[in-house]
Amino acid sequence: MAVPVAFFALFFAYPVTAIVGRGLKAEGDWQFGRIGEVLSRPDILDVLWFTTWQALASTALTLLIALPGAYVFARFDFPGKQVLRAVVTVPFVLPTVVVGTAFLALLGRGGLLDELWGVRLDTTVWAILLAHVFFNYAVVVRTVGGLWSQLDPRQEEAARVLGAGRFAAFRRVTLPALAPAVAAAALMVFLFTFTSFGVVQILGGPAYSTLEVEIYRQTAQLLDLPTAAVLTLVQFAAVGGILAVHAATVRRRERALKLVDPAQTSRRPRGAGQWALLGGVLLTALLLILLPLGVLVERSFDGPGGYGFGYYEALQSVGAGGSSTFLVPPLEAVGNSLRYALVATLIALVIGGLAAAALTRRAGRLVRGFDALLMLPLGVSAVTVGFGFLITLDKPPLDLRTSWILVPLAQALVGVPFVVRTMLPVLRAVDDRLREAAAVLGASPLRAWREVDLPLVRRAVLVAAGFAFAVSLGEFGATVFIARPDNPTLPVAVARLLGRSGELNYGQAMALSTILMLVCAVSLLLLERIRTDRSGEV
């Protein structure tokens, strides 16, 4: 636990505490009375209610739509499965401003629904909920499906032989085994929607505001740092309470499971019902995932003189069309993002792997509290973290403000919870008797972990690496404050282009977004092939 604790203390707790302290201090004295004043305001109460309500609704809707997809990817073998698995993960890395713009083109004035049926959903809660499902579909599919594919189907088949119906066998055998993974996926979806920013700001309009949106508004627009500090504390306390309840609930349901090679559980669909389920999942992926992505691709080629590569060609030069948005060609953001994401993934795997190994032991309240602490970066305002980095990591011996490593560190903060949540259910499902047998035969703890745990969790490690890499590619909230002007990341570059008027800037933003999608899809596809090739070794 020592290394993860030191990492989070230095790069999370210290910056957040510093920025909150500046907001609640006046002339050296703490002003705790501001908390009650802010929380008694009707507009803030409305923000708190909407933040909670939409997060619960988004989580429930995401589980309802994505759990059938998790089953299909875990149990069915069909052509194009690896490609589709990579495609459904792409939305998770897209900058929120891009996704908001894409859904606005689909659901807003002049969008696809407006043209076909005269229906507009922008500035409604339904647009926000659908965009959240678009973002988080892959979280459920990969987190739940990863464990589901390793569950021995013969246990459920034995229950069927003993007289249980299909639903009863699933409810009594499979669902309890999946409960920790489902709870972990639901927790991640809730935290992301609870702190939603870009989607709500673009699609919700002035009528809807989450805590994250309100913190940004109070900080960047109204310059009211005390109110922003109070809202950050509220967000922090709410997320901490949710994580504590989650940890206690999941712990009571965890048990050792018999895990098998995923190749043994996957087969072609049988019967009309299974083919219909597969068709329904493919149709959902087409309408929910591919349609918004298709809008981005179409707009990246739709130039003022007709379809072509004009926007892509403009990415290779500085100040194309009179724009001075960048100090370097925007295309350099691709290489920057890949380098940052690789370093952030390595950091997240080391920190998250050590944390997951420590949490596997279930050793007392201290470890249980650490379990909840690891998830806090997902629930704390990225605006707060970004500002905190700037005001705390600027003095020796940690003068990192001008260092390139600052961006991967911020990205790794968000990647570590995904590594832990992905690896922990599988690590805790490993039968302790296997480790004990290895110890009796003379294996050291390190060798026992290498010979027993690692082969069983290798698949989870690769899934965790994919999540960390994807999150790092698309991280925007904190990176926008610390990325250097001469080394922008892809999300920061897209946001800068969208923030400037002009058809050329907008087209370049769509082109960069398309490149980001392709980079992510290729990376995830390569990961799928590596994972599939190695799964047979387990």
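Quantities reported herein were computed from a predicted structural model and do not represent experimental measurements.

Chemist: Quick rundown of the overall build of the protein? Include the residues and the values.
Modeler: The secondary structure content of the protein amounts to 24 helices and 6 strands. Counted over contacts in the protein with a minimum sequence separation of 6, partners at least 24 positions apart contribute 79%. A total accessible area of about 22,700 Å² is found for the protein, and carbon and sulfur atoms account for 64% of it.

Chemist: How would you sum up helix α4 (residues 81–89)? Please name residues and give values.
Modeler: Along an α-helix, a turn takes 3.6 residues, which lines up residues three or four apart on a common side. Burial within α4 is extensive, with 7 of its 9 residues counted as buried. Of all the positions in α4, only Lys81, Leu84, Arg85, Ala86, Val87, Val88 and Thr89 are classed as buried.

Chemist: Give a description of the nonpolar core that names residues and reports values.
Modeler: Residues Phe7 and Phe389 are the most contacted members of the largest nonpolar core, which totals 152 residues. Once you skip the residues sitting within four places of it in the chain, Phe389 turns out to touch Phe11, Pro15, Leu406, Leu409, Ala410, Leu413 and Ile482. Listed in part, the 5 residues of the second largest apolar core include Val430, Ala438, Ala448 and Val452.

Chemist: Give me the packing of helix α15 (residues 332–359) against helix α23 (residues 490–498): which residues, what numbers.
Modeler: Running from N to C, α15 and α23 cross one another at 145°; their axes reach a closest spacing of 8 Å. Facing α15, whose interface residues are Ala333, Val334 and Ser337, α23 presents Leu490, Pro491 and Ala493. Its residues placed into classes, the contact of α15 with α23 shows 5 nonpolar, 1 polar and no charged.

Chemist: Describe the pattern of salt bridges, naming the residues involved and giving the relevant values.
Modeler: It is possible for side chains of opposite charge to pair when their charged atoms get near one another. This model, assessed by the stated rule, comprises 2 salt bridges. With a shortest N-O distance of 3.1 Å, Arg41 and Asp43 are connected by a salt bridge. According to the relative accessible area criterion, Arg41 is partly exposed, its value standing at 27%. On the basis of relative accessibility, which here comes to 34%, the residue Asp43 falls in the partly exposed class. The residue Arg217 makes a salt bridge to Glu214 at a minimum N-O spacing of 2.7 Å. Linking Arg217 with Glu214, this pair stays in helix α11 (residues 211–221), spanning 3 residues, or about one helical turn. For Arg217, a relative accessible area of 30% translates into the label partly exposed.

About the thresholds
Residues numbered from 1 in each chain as written. Predicted model: local features only at pLDDT ≥ 70, side-chain atom pairs only at ≥ 80, totals over all residues. Heavy atoms only, no water. Helix = DSSP H or I, 4+ residues; strand = E, 2+ residues; numbered from the N terminus. Contact = heavy atoms within 4.5 Å. Areas by Shrake-Rupley, 256 points an atom, 1.4 Å probe, with all protein chains shown as cover. Buried < 20%, exposed > 50% of the residue type's maximum accessible area, 1.4 Å probe, protein only. Core = buried A, V, L, I, M, F, W, Y, C linked by side-chain atoms within 4.5 Å. Axes fitted to C-alpha atoms, helices over the stretch in contact; angles between N-to-C directions. Nonpolar A, V, L, I, M, F, W, Y, C, P; charged D, E, K, R; others polar. Salt bridge = Lys/Arg side-chain N within 4 Å of Asp/Glu carboxyl O.

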